[in-house]
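# Architecture and fold: a report
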Amino acid sequence: MMRVGRSRSRSDELRQGPSRDESARDSRMPEGDALHRAARRLQVLVGERVEVEAVHPRARAKGVAERLDGRVLESVEAQGKNLLLCFEGGYVLRSHLRMNGSWRIVPAAAETPGLPWLVLRGREWNAVLRGGSVLELTDRATRRLGPDILAEPPDFAAMLARLRAADQRRELGEALLDQRLVAGIGTVWRAESLWEARISPWLTLAATTEAELEAVVEAAARLMRLSLDGRRHDRRVYRRAGRPCPRCGATIRSGGQGDDNRFAYWCPGCQRGEEGAGK
Ligand SMILES: [Zn+2]
C-alpha cells in the first residue's frame with residue numbers, strides 16, 4: 001500500500017520531538033521515486049511477524065529493534081522522502097535514506113554481512129537497511145500506552161499499578177507485552193527479563209508476588225537501557241530452546257503465548273511457575 005501526497009499535518013503528527021529543518025539535507029537525498037520503489041520491494045514482508053535486529057552500533061543505540069521485534073509489519077508506504085513502516089501496536093518506524101541508505105530484500109537464508117542498520121526477518125525474505133542514518137520510532141497510540149520502560153527514570157510504581165489493575169487471571173508473559181500496561185517490552189526482553197527475575201511467563205498475575213513483578217520490570221528496564229547504550233547482551237533464553245540454561249543447566253523451552261501466539265522462552269528449572277505451559 002503506497003499513499004502519496006498525504007497532508008502535511010499527518011506527516012507532522014507522525015514526527016516526534018523538535019521539528020528540524022531538513023530542507024538543506026533534502027537536496028542530496030534519494031528522490032521520492034526511489035523511496036516508492038523501496039516501499040514496493042518491502043511489500044513482501046507486509047502481514048508477517050518479523051524479527052527485528054539492529055546490527056550497526058549507531059542503529060542499536062536508537063533502541064528501535066527492541067520495540068519492534070516480534071511484531072507484525074502492517075504496512076509500508078513512501079511519504080515524501082520517508083519510508084513509513086507501520087507495525088502492530090501502533091508503532092511507526094520512519095526511515096529516511098539520506099545519501100547512501102538503501103532497503104534491500106534478500107532470501108531469508110542469505111547471509112547479511114557487514115553492519116546493516118536494521119534487518120527485518122520474515123519467513124522467506126529479509127529486508128536489510130544499510131546506511132540509513134535517520135531512523136525514528138513514533139507511535140500513533142501514545143495516549144493509550146502504559147509507562148515507557150525506557151523512560152529516565154522508569155515509573156515502576158505506575159507499571160505495577162497497571163499490571164495489578166489488569167485481569168489477574170492473565171499470564172505474566174502475555175501481560176508484559178500489553179503496551180497499555182507497560183510500553184516498550186517485546187519478545188526478546190520479555191524472555192530475558194523473566195529469566196533474570198526467575199519467574200515463568202506462564203505464571204498468572206494473581207500468582208505473581210509484588211517483589212516478583214517489581215523484579216521483572218526492573219530487569220526489563222535495566223537490560224533494555226544497556227542495549228540502548230550499545231552494550232552487548234548475551235541472550236540467556238531467547239531463541240535458545242533445547243539448549244541448556246546458563247544458570248541451572250535445565251533445557252530451555254519455548255512456546256507460543258497469548259492470543260497472537262508470540263513466542264515465549266523460559267527455563268523450567270529455575271523460573272518459578274510453569275503452570276499453563278505447553279498450550
Ligand atoms: Zn535454569
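Our subject in this report is the structure included herewith. (Residues numbered from 1 in each chain as written. Predicted model: local features only at pLDDT ≥ 70, side-chain atom pairs only at ≥ 80, totals over all residues. Heavy atoms only, no water.)

### Some words on the coordination of the zinc ion
- In the first shell of the zinc ion, the protein supplies Cys 245 (SG), Cys 248 (SG), Cys 267 (SG) and Cys 270 (SG), at 2.2 to 2.3 Å from the metal.
- One way to put it: the 4 donor atoms around the zinc ion meet at angles of 97 to 117°, and that makes the site tetrahedral.
- Within one chain, the residues serving as donors to the zinc ion are arranged as C-x2-C-x18-C-x2-C. Here Cys 248 is found in the loop between α9 (210–228) and β9 (253–257), whereas its partner Cys 267 is found in the segment after β10 (262–266), with 19 residues between them in sequence.
- The buried category is assigned to Cys 267, whose relative accessible area is 0%. (Donors = N, O, S within 2.8 Å, 3.2 Å for Na, K, Ca; no water. Tetrahedral: all angles 85-135°; square planar, octahedral: opposite > 155°, others 65-115°. Helix = DSSP H or I, 4+ residues; strand = E, 2+ residues; numbered from the N terminus. Buried < 20%, exposed > 50% of the residue type's maximum accessible area, 1.4 Å probe, protein only.)

### Description of helix α6 (residues 156–165)
- All of the buried residues in α6 are Met 159, Leu 160 and Leu 163. One side of α6 holds all its buried residues, which, seen down the axis, span an arc of 95°. Along α6, exposed side chains directed more than 90 degrees from the buried face belong to Ala 157 and Ala 165.
- Here the buried face of α6 lies against α7 (172–176) and α9. (Arc of directions from axis to C-beta. Contact = heavy atoms within 4.5 Å.)

### What about the nonpolar core?
- Formed by 37 residues in total, the largest nonpolar core has its most connected members in Ile 149, Leu 163, Ile 185 and Val 217.
- Mapped onto this core, the elements with two or more residues apiece are α6, α7, α8 (187–196) and α9.
- The element best represented in this core is α9, accounting for 8 residues.
- Beyond its immediate stretch of four places on either side in the chain, Val 217 contacts Ile 149, Phe 156, Met 159, Leu 160, Leu 163, Leu 176 and Val 182.
- Formed by 29 residues, the second largest nonpolar core is a distinct cluster that contains Ala 65, Leu 68, Leu 97 and Leu 118. (Core = buried A, V, L, I, M, F, W, Y, C linked by side-chain atoms within 4.5 Å.)

### Points about the sheet that holds strand β6 (residues 118–121)
- Spatially, β1-β6-β7-β5 is the arrangement adopted by the 4 strands of the open sheet, whose pairing is antiparallel. Across the chains shown, the open sheet's two edge strands, defined by having one partner strand only, are β1 (51–53) and β5 (102–107). Going from strand to strand, the sheet's axes swing by 15° on average, the running direction of each strand aside. (Pairing = 2+ DSSP bridges. Axes fitted to C-alpha atoms, helices over the stretch in contact; angles between N-to-C directions.)

Remember that the coordinates give geometry; whether it matters functionally is a separate question.
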